[in-house]
Amino acid sequence: MPRFGIISDLHSNIEALGAVFTRLEKEGVDRIVCLGDVIGYGPDPEHCIDMVMRRCELTICGNHDEALMRGAQDFNPVARQVIEYNRRMLKPSLLSGSLKRQRWKFLEGLPVSHREGDFLLVHGSPRDPVHEYIMKTDGIFIPDKIRDIFDHFEGLCFVGHTHFPGVFTEDLKFHDPPALDYRYEFKGEKAVVNVGSVGQPRDGDPRASCVIVDDDGVTFLRTDYDIATTQRKIYDNPNIPDLCAARLEIGK
Ligand SMILES: [Fe+2]
């Protein structure tokens, strides 16, 4: 049975990304796709871009990847500071070598969505692929928003962006992975599946998140990684606010 891995929101965290690739390979996936936000927040944007270019069959554009090109005016001050730092690091000049150019070209050319059979892959949501957040409480507080989102796709829609894994079903309910026992079986109904974040989980579980998709359903995985090393690199880097390190160990 073909199985593929989906990762998202790596946010320059190479320790988390390396652990997730090792895990997915051990699980025997045929291929891996990425739903964006390769850069921002963390200490290793270049390594993460290189690893994704090498090992992901497809990468979708995230809002941080887009902000690198178009500006981060609408970002909070912490996120903006790191994007501006990433731009200084990554943007090629006349004298830059080919790898630097290749990384920039890769990020510049990322598609905002991808349709594959019954699956739609985006970073944020089917109606605003790069920017819109689908929050777990939207089904309760803004039910019309979720109804409209469900009208914008057929089959299954895979997203990242909120850094909060889980499944929205057509009855407007959000199911987080522990409530699903980390497995969602396809039932022929529409669903929005959030794969969570590799590099900066925000659901209270600090382990890196990703999913494996097979013919029958989605399995949610959490993988331990060397959080202390990532934190140390951030504390040692004057261009990245300390908050980006502190949050990693609590998964918030
Ligand atoms: Fe993100």
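For the structure given in this document, a descriptive report is provided here.

What follows concerns the sheet that holds strand 5 (residues 119-122). Consider a sheet: its strands pair through backbone hydrogen bonds, and that pairing is either parallel or antiparallel. An order of 4-5-6-10-7-8 is seen for the 6 strands of this open sheet, with the pairing classed as mixed. Two strands close off the open sheet at either side, each with one partner strand: strand 4 (113-116) and strand 8 (174-175). Summarising the sheet, strand 5 and strand 6 (residues 156-159) pair through 3 bridges and their orientation is parallel. Across the sheet, leucine 121 pairs through a bridge with phenylalanine 158, a residue of strand 6.

Let us now look at unusual backbone geometry. Phi is mostly negative for residues that are not glycine, and the peptide bonds are mostly trans. The backbone of serine 12 shows a phi angle near 60°, a positive value even though the residue is not glycine. Position of serine 12 among the secondary structure elements: in the loop between strand 1 (4-7) and helix 1 (14-26). Serine 12 sits in the buried class, given 29 other C-beta atoms within 10 Å.

Now for the packing of helix 3 (residues 63-70) against helix 4 (residues 77-90). For any two helices packed against each other, one specifies the inter-axial angle together with the distance between the axes. With their axes 9 Å apart at the nearest point, helix 3 and helix 4 run at an angle of 65° to one another. Crossing of helix 3 over helix 4 shows right-handed handedness. Here His64, Ala67 and Leu68 of helix 3 come into contact with helix 4, specifically with Ile83, Asn86, Arg87 and Leu90. Counted by class, the contact of helix 3 with helix 4 contains 4 nonpolar, 2 polar and 1 charged residues.

Attention now goes to the nonpolar core. In terms of nonpolar packing, the biggest core is built from 62 residues, with Ile6, Ile7, Val20, Phe158, Val193, Cys210 and Val211 touching the most fellow members. Among the elements that make up this core, the one with the highest residue count is helix 1 (6 residues). Aside from chain neighbours lying at most four places away, what touches valine 20 is Ile7, Val198, Ala208, Cys210 and Thr223.

This part takes up the sheet that holds strand 11 (residues 208-213). Sheet architecture is open: 6 strands sit in the order 3-2-1-11-12-9, paired in mixed fashion. Bordering the open sheet on either side are strand 3 (58-59) and strand 9 (183-185), each of which pairs with just one other strand. Where strand 2 (residues 31-34) meets strand 3, 2 bridges bridge the pair, whose relative direction is parallel. In the sheet register, cysteine 34 faces strand 3, and the bridge partner there is threonine 59. Contacts from helix 1 reach strand 1, strand 2, strand 11 and strand 12 (217-223) within the one sheet, and its direction differs from that of strand 11 by about 30°.

Rules used in this analysis
- Residues numbered from 1 in each chain as written.
- Predicted model: local features only at pLDDT ≥ 70, side-chain atom pairs only at ≥ 80, totals over all residues.
- Pairing = 2+ DSSP bridges.
- Helix = DSSP H or I, 4+ residues; strand = E, 2+ residues; numbered from the N terminus.
- Buried ≥ 20, exposed ≤ 12 C-beta atoms within 10 Å, placed from the backbone.
- Axes fitted to C-alpha atoms, helices over the stretch in contact; angles between N-to-C directions.
- Left-handed = near helix turned anticlockwise from the far one by under 90°.
- Contact = placed C-beta atoms within 7 Å.
- Nonpolar A, V, L, I, M, F, W, Y, C, P; charged D, E, K, R; others polar.
- Core = buried A, V, L, I, M, F, W, Y, C linked by C-beta atoms within 7 Å.

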